[in-house]
Structures are given as C-alpha cells and as structure tokens.
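Below are the chains, spelled out letter by letter.
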Amino acid sequence: MEIIILPTPADVARTAADAIEEQVRRGPCVLGLATGSTPLGTYQELIERHRTGGLSFAQAHAFLLDEYVGLPSAHPQSYHSVIRDEFTASVDFGADAVHGLDGMAEDPQAEAEQYEARIAGAGGVDLQILGIGTDGHVGFNEPMSSLGSRTRIKTLTRQTRQDNARFFDSPNDVPDHVLTQGLGTIREARHLLLLAMGEAKAEAIAAAVEGPVAAICPASALQLHPHVSVLVDEAAASLLAHRDYYTDTFGRKPAWQGL
Ligand code: GLP
C-alpha cells in the first residue's frame, strides 16, 4: 500500500484524476467507478480535462461498484442516475460502455453472477476508484463481509443508512438492501485508488491502513492487494500513526514510478 497524504481535498481530486487520465490515455481500458461524495471532485476534474484538455473516454468501459436494491435506475438516488449525472453524461463514454447493477432485478443473485461475468468478459477492471464508509466499508461491503466475497446482496448497517440519509428526502427512504461487488471482486482490479477526505473518515482510514486485516474493517482487505494507492487529505490522515514515514517516502519517490 502506498499512503499519500495531500494538503487539501482538491489535491486528492487532482492526483486521482492524474492517475485516471494516465490510464485512459494509454488506450482502451476498464475503469471501476464509485459513487458517494468522495469522488465528486475527481469527476469534476476529469470533466474539465475532457472539455478543455481533449481527454476522451470513448475507448473506456466503466463498471459501477454497487447499487441500491429496490430503486429503479431512473430514481435520482440510484447509483445508475448518480454516476450519469455526476460524471459519465458529461464526458464521451460510448453507448452501453457504462455498466451497473440492476437494483430491480427479480433474482438479485442471478444479477450478481451476470455482473461478475460482464466484468470478466470486459477483461477485468484496470483502475478501481474507491471511497470508504465511516464503518470501513468499501463498495457496500459492510463489516464482517468475507474478504473473499463476490458480487451479492447485502444489508446496510444503521450507520451507513444514517450516513447516506442526506441524499434522500427522509432517512426511512434509504433502502435496507444493496447489490455490491464483493471484496474478492474488488481485489481483482489491477490498481486500486482509495480516496478519503475529512475528519469523519480518519478512524476508518487508520483501521484500514494500519490495523489488522480483519472482516470487521472491510477496507483492511485492501492490504492484501499488490497495488493500492491511498490518497488522503490531512484531516483523513490525522489518526495515522506513521504519517511522517508515508510523507517522507512519497517525497523521495522517483517521479518516473508514477502511482
Ligand atoms: C457509500 C458507497 C461507497 C462510498 C461510501 C462513502 O455508501 N456505497 O462506495 O465510498 O459510502 O461515501 P461518501 O463518499 O459519500 O462519504
């Protein structure tokens, strides 16, 4: 794991956008997209680079991490709608290049298995963007998710439903169930970019990065991955015990190495 502590959320967004731009400019690729407020600055940055810097997504495919069960894709808070409104509709992905889970599928398990097959059929995810929940979830893999889990239905914790209530008219409108790529699925992506900003994420980041690998903190499973870049602002890094070490090593990293 490489921990990169950056001064502000804007620096996190720019650094993440740099990594995504580099991947996209290399040629056809598969991106893994996350929802939530964390990657919004990154998506804004990419939209700007598309508009003014000629960055094209025409050769890229994208797979979403997760979806609420019971929300039709047209619902404004379905992740299908959110990712379209916040990012993909403002750049030039091809028709049918952005893939998501169907939260209204009659057979959620069959939908999950088909999704896994679609990811594999696309050649796997090259670069996966991830946020982190305050309880350490990635995607919607809540605490005690198997570290080897595949795409499946999950029940949200009370904490996650409270955290996400701000996006809905009433806290009771937050669905109880979701479909999410599993930790095993996410760990198959070739490069993981975990983003976190703000003090509210400091505890989860410290547990994920410096705690033991344990199902109680699902993001700790990323320690088993060979290529993870953790981009955090000062506030999200505030509970890390080894901040000086991370800052020192990143400062002395050869530029040619990239992320
Ligand atoms: C959501 C999403 C995650 C996201 C996380 C944090 O519920 N399923 O993919 O990373 O919770 O959200 P936010 O970025 O809004 O803090």
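Just so it is clear, the structure is predicted and the values come from calculations on it, not from any experiment. (Residues numbered from 1 in each chain as written. Predicted model: local features only at pLDDT ≥ 70, side-chain atom pairs only at ≥ 80, totals over all residues. Heavy atoms only, no water.)

Student: So what exactly am I meant to see when it comes to the layout of surface pockets here?
Tutor: Over the atoms rolls a probe the size of a water molecule, and in doing so it shows where empty space is left. Its boundaries defined by the atoms lining it, the largest pocket holds a volume of some 430 Å³. For the largest pocket, the lining is made up of 25 residues, of which G36, T38, I132, G133 and K201 are closest to its centre. Looking at which element gives the most residues to the lining of the largest pocket, the answer is helix α5 (residues 158–164), with three residues. Classifying every residue of the lining of the largest pocket gives ten nonpolar, eleven polar and four charged. Taken as a whole, the second largest pocket encloses approximately 250 Å³ of empty space. Contributions of two or more residues to the lining of the second largest pocket are made by α3 (79–86) and β5 (98–99). With three residues, α3 is the single largest residue contributor to the lining of the second largest pocket. Taken together, the residues of the lining of the second largest pocket sort by class into eight nonpolar, five polar and three charged. (1 Å grid on protein atoms, 1.4 Å probe; cavity = no way out; pocket = protein on both sides within 12 Å on 5 of 7 lines; lining within 4 Å. Points joined across faces, edges and corners; volume = space filled by probe spheres on them. Helix = DSSP H or I, 4+ residues; strand = E, 2+ residues; numbered from the N terminus. Nonpolar A, V, L, I, M, F, W, Y, C, P; charged D, E, K, R; others polar.)

Student: Even after reading the chapter, I still don't get the packing of aromatic side chains, so can you show me in this structure?
Tutor: The final tally for this structure, using the stated rule, is ten aromatic pairs. The interplanar angle of 10° and the centroid separation of 4.6 Å between the aromatic rings of Y43 and F87 together place this pair among those described as stacked. Here F87 lies in the loop between α3 and β5 and Y43 lies in helix α2 (residues 40–53), a separation of 44 residues in the sequence. Taken as a pair, Y43 and F87 share a single burial class, namely buried. For the ring pair Y68 and F168, a centre distance of 5.6 Å and an interplane angle of 85° mean the geometry is edge-to-face. Placement of the pair is Y68 in strand β4 (residues 66–68) and F168 in the loop between α5 and β8 (177–180), with a sequence separation of 100 residues. When its relative accessible area of 1% is taken as the criterion, Y68 is described as buried. Through a chain of ring-to-ring contacts, three or more aromatic side chains come together here, namely Y43, F57, F87 and F93. (Phe/Tyr/Trp six-rings, centres within 6.5 Å; stacked < 30°, edge-to-face > 60°. Buried < 20%, exposed > 50% of the residue type's maximum accessible area, 1.4 Å probe, protein only.)

Student: Explain the pairing of β8 to me, please; I cannot follow it from the model alone.
Tutor: Relative to β8, β4 runs antiparallel, the two sharing three bridges. Bridging across to β8, Y68 finds its partner in V178. Here four bridges tie strand β7 (residues 152–155) to β8, and the two strands are oriented antiparallel to one another. Paired with K154 across the two strands is V178, which belongs to β8. (Pairing = 2+ DSSP bridges.)

Student: What's the story with the pattern of salt bridges in this structure? I'm lost.
Tutor: A side chain with one charge may pair with a side chain of the opposite charge, provided their charged atoms come close. For the structure shown, the criterion picks out 14 salt bridges. A salt bridge links D85 to R84, with the nearest nitrogen and oxygen atoms 3.1 Å apart. With its nearest N and O atoms 2.9 Å apart, the salt bridge here joins D248 to R252. Taking the relative accessible area as the measure of exposure, D248 reaches 38% and is therefore partly exposed. A cluster of three or more residues bridged by salt bridges with shared partners is formed by D18, E21, R25, E45 and R49. (Salt bridge = Lys/Arg side-chain N within 4 Å of Asp/Glu carboxyl O.)

Student: How should the site of the ligand be read in this particular structure?
Tutor: Among the 14 residues in the neighbourhood of the ligand, the closest are listed as S37, T38, D66, R166 and K201. In this structure, G139 approaches the ligand through a main-chain N or O atom, which is 3.1 Å from a nitrogen atom. For the ligand, the accessible surface in isolation is 390 Å², of which the surrounding protein chains cover 94%. Among the detected pockets, the ligand sits in the largest pocket. (Near = heavy atom within 4 Å. Polar contact = N/O pair within 3.5 Å; in protein donor to acceptor, adjacent residues only side chain to side chain. Areas by Shrake-Rupley, 256 points an atom, 1.4 Å probe, with all protein chains shown as cover. Sits in = over half its atoms within 2 Å of the grid points.)

Student: Looking at this model, I keep getting lost on the sheet that holds strand β6 (residues 127–130). Mind explaining?
Tutor: Two strands in a sheet stick together by hydrogen bonds in their backbones, pointing the same way (parallel) or opposite ways (antiparallel). The parallel open sheet is built from seven strands, whose spatial order is β1-β10-β9-β6-β2-β3-β5. One side of each edge strand has no neighbouring strand; the edge strands of this open sheet are β1 (2–6) and β5. Examined bridge by bridge, strand β2 (residues 29–33) and β6 share two bridges and lie parallel to one another. Bridged to L31 within β6 is L127.

Student: How should I be thinking about α2 in this particular structure?
Tutor: The α-helix winds at 3.6 residues per turn, so residues separated by three or four positions along the chain end up facing the same way. Counted at 1.5 Å a residue, the expected span for α2 with its 14 residues is 20 Å, and the 19 Å between its end C-alpha atoms agrees. Regarding α2, the residues found buried are T42, Y43, L46, I47 and R49. Buried residues in α2, looked at end-on, bunch into an arc of 160°, giving them a common side. Opposite the buried face of α2, at more than 90 degrees from it, the exposed residues are R51 and T52. Residues of α2 that are buried in the fold lie against α1 (9–25), β2, α3, β6 and β9 (191–196). Once α2 ends, the next one or two residues include G54, with phi positive near 70°. (Expected span 1.5 Å × (residues − 1). Arc of directions from axis to C-beta. Contact = heavy atoms within 4.5 Å.)

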